[in-house]
Amino acid sequence: MLDAKMPEAWRVLRIQSELVDGIERLITLRGAVTVFGSARFSEESPEYQQAVRLGELLAAEGIPVITGGGPGLMEACNRGAFPQPGASIGLNIELPFERAANPYQDISLYFRYFFVRKFMFVKHAVGFIGLPGGYGTLDELFEALTLVQTQKVQRFPIVLVGERYWRGLHDWLVDAVLQRSCINAADLNLFRIVDTVEEAAEIIIEFIRSRD
């Protein structure tokens, strides 16, 4: 019985080590922005170019930019931030279609456990920006919304870029979720949908300046 429990004990130590390493590596960050988005967009796509611009706009103001560290829109945002004063950070995790960290990271952390990585996404962030993405992006979006809704973290701006991409989700929340009283009308104000990365960056920058 004792032997069977040993792997679980080691797993706890691995989790602890990821938490400690992540906290120590990012302890100096102040006012970071976490950006989510799909790994599946190519460098030639308009979405990739917009994500490069977003990273550039944020980091040019000295704002640290955190992504999942993978390819696609994560790479693009890190790429835009990388030459700028704000740090470009990747919280990497090995997935079947994301085998290597993108090269545009001032700070690279590697995680085995999704929940530890998600904790790090939130711990140092004062804003979230969602670019077009799939299940992972939606998971991270609703994690942030839940934490703000339940007041487990102080409220911060959550901005979704791409009116055409995100409007259907908003309409479903109104027509199905709100209609069945599964959320309150005020919960719809926890996020904003904008059409350009310039609008998203402006919202975040103004919020950070208002805190200073």
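Coordinates for the structure precede this section.
Not measured: the values here are computed from a predicted model. (Residues numbered from 1 in each chain as written. Predicted model: local features only at pLDDT ≥ 70, side-chain atom pairs only at ≥ 80, totals over all residues. Heavy atoms only, no water.)

## Describing empty space enclosed by the protein
Rolling a probe over the atoms, with the probe sized like a water molecule, indicates the empty space that remains.
Then comes step 1: Using the criterion set out here, one finds one cavity of 30 Å³ or more in the structure.
Then comes step 2: Its volume calculated, the largest cavity comes out at about 30 Å³.
Then comes step 3: Contributing to the lining of the largest cavity are Phe-36, Phe-128, Ile-129, Gly-130, Glu-140, Leu-141, Ala-144, Ile-158 and Leu-160.
Then comes step 4: Of the residues that constitute the lining of the largest cavity, the class distribution is seven nonpolar, one polar and one charged. (1 Å grid on protein atoms, 1.4 Å probe; cavity = no way out; pocket = protein on both sides within 12 Å on 5 of 7 lines; lining within 4 Å. Points joined across faces, edges and corners; volume = space filled by probe spheres on them. Nonpolar A, V, L, I, M, F, W, Y, C, P; charged D, E, K, R; others polar.)

## A short note on the layout of surface pockets
Then comes step 1: There is about 240 Å³ of room inside the second largest pocket.
Then comes step 2: In terms of lining residues, the second largest pocket is bounded by 14 residues, among which Lys-123, Ala-125, Val-126, Gln-154 and Arg-211 are the most central.
Then comes step 3: Within the residue set of the lining of the second largest pocket, elements represented by two or more residues are helix H4 (114-123), strand E5 (125-130) and helix H7 (197-211).
Then comes step 4: For the lining of the second largest pocket, the class distribution of residues is seven nonpolar, three polar and four charged. (Helix = DSSP H or I, 4+ residues; strand = E, 2+ residues; numbered from the N terminus.)

## As for unusual backbone geometry
Then comes step 1: Positive phi values are uncommon outside glycine, yet Gln-151 reaches one of about 60°.
Then comes step 2: Positive phi outside glycine occurs at Ser-181, with the angle close to 60°.
Then comes step 3: Tracing the backbone shows Ser-181 in the loop between helix H6 (163-178) and strand E7 (192-194).

## With respect to the nonpolar core
Then comes step 1: Ranked by size, the top nonpolar core spans 35 residues in total, and within it Leu-91, Phe-128 and Ile-158 carry the most contacts.
Then comes step 2: For this core, the elements supplying multiple residues, two or more each, are strand E1 (32-36), strand E3 (88-93), strand E4 (107-111), H4, E5, helix H5 (135-149), strand E6 (158-161) and H6.
Then comes step 3: When residues in this core are grouped by element, the largest group, five residues, is from H5.
Then comes step 4: If near-sequence neighbours (up to four positions away) are discounted, Leu-91 is found in contact with Leu-26, Ile-66, Thr-67, Gly-68, Gly-69, Leu-109, Phe-111, Arg-117, Met-120 and Phe-121. (Core = buried A, V, L, I, M, F, W, Y, C linked by side-chain atoms within 4.5 Å. Buried < 20%, exposed > 50% of the residue type's maximum accessible area, 1.4 Å probe, protein only. Contact = heavy atoms within 4.5 Å.)

## What about the packing of aromatic side chains?
Then comes step 1: Using the criterion set out here, one finds six aromatic pairs in the structure.
Then comes step 2: Summarising the aromatic geometry, the rings of Phe-36 and Phe-128 are spaced 5.2 Å apart at their centres and angled 75° between planes, so their arrangement reads as edge-to-face. Taken as a pair, Phe-36 in strand E1 and Phe-128 in strand E5 lie far apart in primary sequence, 92 residues in all. Note on accessibility: Phe-36 and Phe-128 belong to one class, buried.
Then comes step 3: Between Phe-82 and Tyr-104, the ring centres sit 6.2 Å apart and the planes meet at 70°, which makes this aromatic pair edge-to-face. One end of the pair, Phe-82, is in the loop between helix H3 (72-81) and E3; the other, Tyr-104, is in the loop between E3 and E4, and 22 residues separate them in sequence.
Then comes step 4: You can call Phe-82 partly exposed: its relative accessible area is 32%.
Then comes step 5: Owing to a relative accessible area of 22%, Tyr-104 belongs among the partly exposed residues under this scheme.
Then comes step 6: Aromatic rings pair up to connect Phe-36, Phe-121, Phe-128 and Phe-156 into one cluster. (Phe/Tyr/Trp six-rings, centres within 6.5 Å; stacked < 30°, edge-to-face > 60°.)

## Considering the pattern of salt bridges
Then comes step 1: Scanning the model with the defined rule gives seven salt bridges in all.
Then comes step 2: Glu-43 serves as the salt-bridge partner of Arg-79, at 3.0 Å between the closest nitrogen and oxygen. With a gap of 36 residues between them, Arg-79 in helix H3 and Glu-43 in the loop between E1 and helix H2 (46-60) connect regions that are remote in the sequence.
Then comes step 3: The exposure class assigned to Arg-79 is partly exposed, which follows from its relative accessible area of 29%.
Then comes step 4: Close ionic contact of Arg-167 with Glu-163 constitutes a salt bridge, the shortest N to O distance being 2.6 Å. Of this pair, Arg-167 and Glu-163 both sit in helix H6, four residues apart, roughly one helical turn.
Then comes step 5: Taking relative accessible area as the criterion, Arg-167 reaches 28% and is therefore assigned partly exposed.
Then comes step 6: Judged by its relative accessible area of 29%, Glu-163 falls in the partly exposed class. (Salt bridge = Lys/Arg side-chain N within 4 Å of Asp/Glu carboxyl O.)

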